[in-house]
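# Observations on the three-dimensional arrangement
Take a look at the letters that make up each chain.
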Amino acid sequence: MPDNHNQPAVADALNALLADSFALYLKTKNYHWHVQGPHFRELHLLFDEQATQILGITDLIAERVRKNGAATLRSIGDVSRRQSIKDDDATSVTADAMVRTLAEDNRTLLAQLKDVKAAAEAEGDIATSGLVDAWADETQQRIWFLEATAGY
């Protein structure tokens, strides 16, 4: 694991966010590939749209780490050491369980975004703080769609 002793707190928070973004992206694609049932088409398209959105922020997150003078993730192993969102290796997951799991994982991501925002503001990093607002809005929208789909 890299030495983060001299790394700013915002970079650490961003790297944790990046690891979970990759984990959530892959889980969302996994569900996209394996969803079955009467709502197949709707969920297949929803999961693909959400995965694309999640992947779309990963480069921006990594670039914020670098702009803060720190190193970012280098490998799948690095992602797995840092991620808090759990993988789902089950061979059979119901569509309802997929939707509920993704809603919960997106709530985890939203909490991490709040941590990044707090670290960025504490360090006076207004650029990162501003970007996090848009990412949080996208995450809240994903949660809303998933919860509405699950009938919460």
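Turning our eyes to something else, we now look at the overall build of the chain. When helices and strands are tallied, the chain shows five helices and zero strands. The order of helices and strands in the chain, counted from the N terminus, is α-α-α-α-α. In terms of overall dimensions, the chain is globule-like: its C-alpha atoms have a radius of gyration of 16 Å, near the 15 Å expected for 152 residues. With the C-alpha coordinates aligned to their principal axes, the bounding extent of the chain is approximately 50 × 30 × 20 Å. Across the 152 residues of the chain, 44% fall into the buried class. The contacts of the chain with a sequence gap of at least 6 include a subset with a gap of at least 24, amounting to 81%. Taken as two groups, the 15 positive and 23 negative side-chain charges of the chain have centres that lie 2 Å from each other.

Among the nonpolar cores identified, the biggest contains 40 residues, and Leu14, Leu17, Phe47 and Trp135 are the most heavily contacted of them. Elements supplying a minimum of two residues to this core: helix H1 (9-34), helix H2 (40-67), helix H4 (95-122) and helix H5 (126-150). Sequence-distant contacts of Phe47, that is, excluding residues within four places in its chain, are made with Thr28, Tyr31, His32, Val35, Met98, Val99, Leu102 and Leu146.

Over its 25 residues, H5 extends 36 Å from the first C-alpha to the last, a length consistent with the 36 Å expected when each residue adds 1.5 Å. Within H5, the full set of buried residues consists of Thr128, Ser129, Val132, Trp135, Ala136, Thr139, Arg142, Ile143, Leu146 and Ala150. Along its buried surface, H5 packs onto H1, H2 and H4. With its phi angle positive at about 75°, Gly151 sits one or two positions after the end of H5.

The subject of this paragraph is the packing of H2 against H5. A pair of packed helices can be characterised by two numbers: the angle between their axes and the separation between those axes. Closest axis-to-axis distance for the H2/H5 pair is 11 Å, and the angle between their directions is 165°. Between H2 and H5, the angle is such that the two are roughly antiparallel. As H2 runs across H5, the sense of the crossing is left-handed. Judged by residue contacts, Glu42, Leu43, Leu46, Phe47, Gln50, Gln53, Ile54, Ile57, Leu60, Ile61 and Arg64 of H2 engage Ala127, Thr128, Leu131, Trp135, Glu138, Arg142, Phe145, Leu146 and Thr149 from H5.

Reading guide: rules and limits
- Residues numbered from 1 in each chain as written.
- Predicted model: local features only at pLDDT ≥ 70, side-chain atom pairs only at ≥ 80, totals over all residues.
- Heavy atoms only, no water.
- Helix = DSSP H or I, 4+ residues; strand = E, 2+ residues; numbered from the N terminus.
- Rg over C-alpha atoms; globule rule 2.2 N^0.38 Å.
- Buried < 20%, exposed > 50% of the residue type's maximum accessible area, 1.4 Å probe, protein only.
- Contact = heavy atoms within 4.5 Å.
- Lys, Arg positive; Asp, Glu negative; His and termini not counted.
- Charge placed at Lys NZ, Arg CZ, Asp CG, Glu CD.
- Core = buried A, V, L, I, M, F, W, Y, C linked by side-chain atoms within 4.5 Å.
- Expected span 1.5 Å × (residues − 1).
- Axes fitted to C-alpha atoms, helices over the stretch in contact; angles between N-to-C directions.
- Parallel < 35°, antiparallel > 145°, perpendicular 65-115°, else oblique.
- Left-handed = near helix turned anticlockwise from the far one by under 90°.

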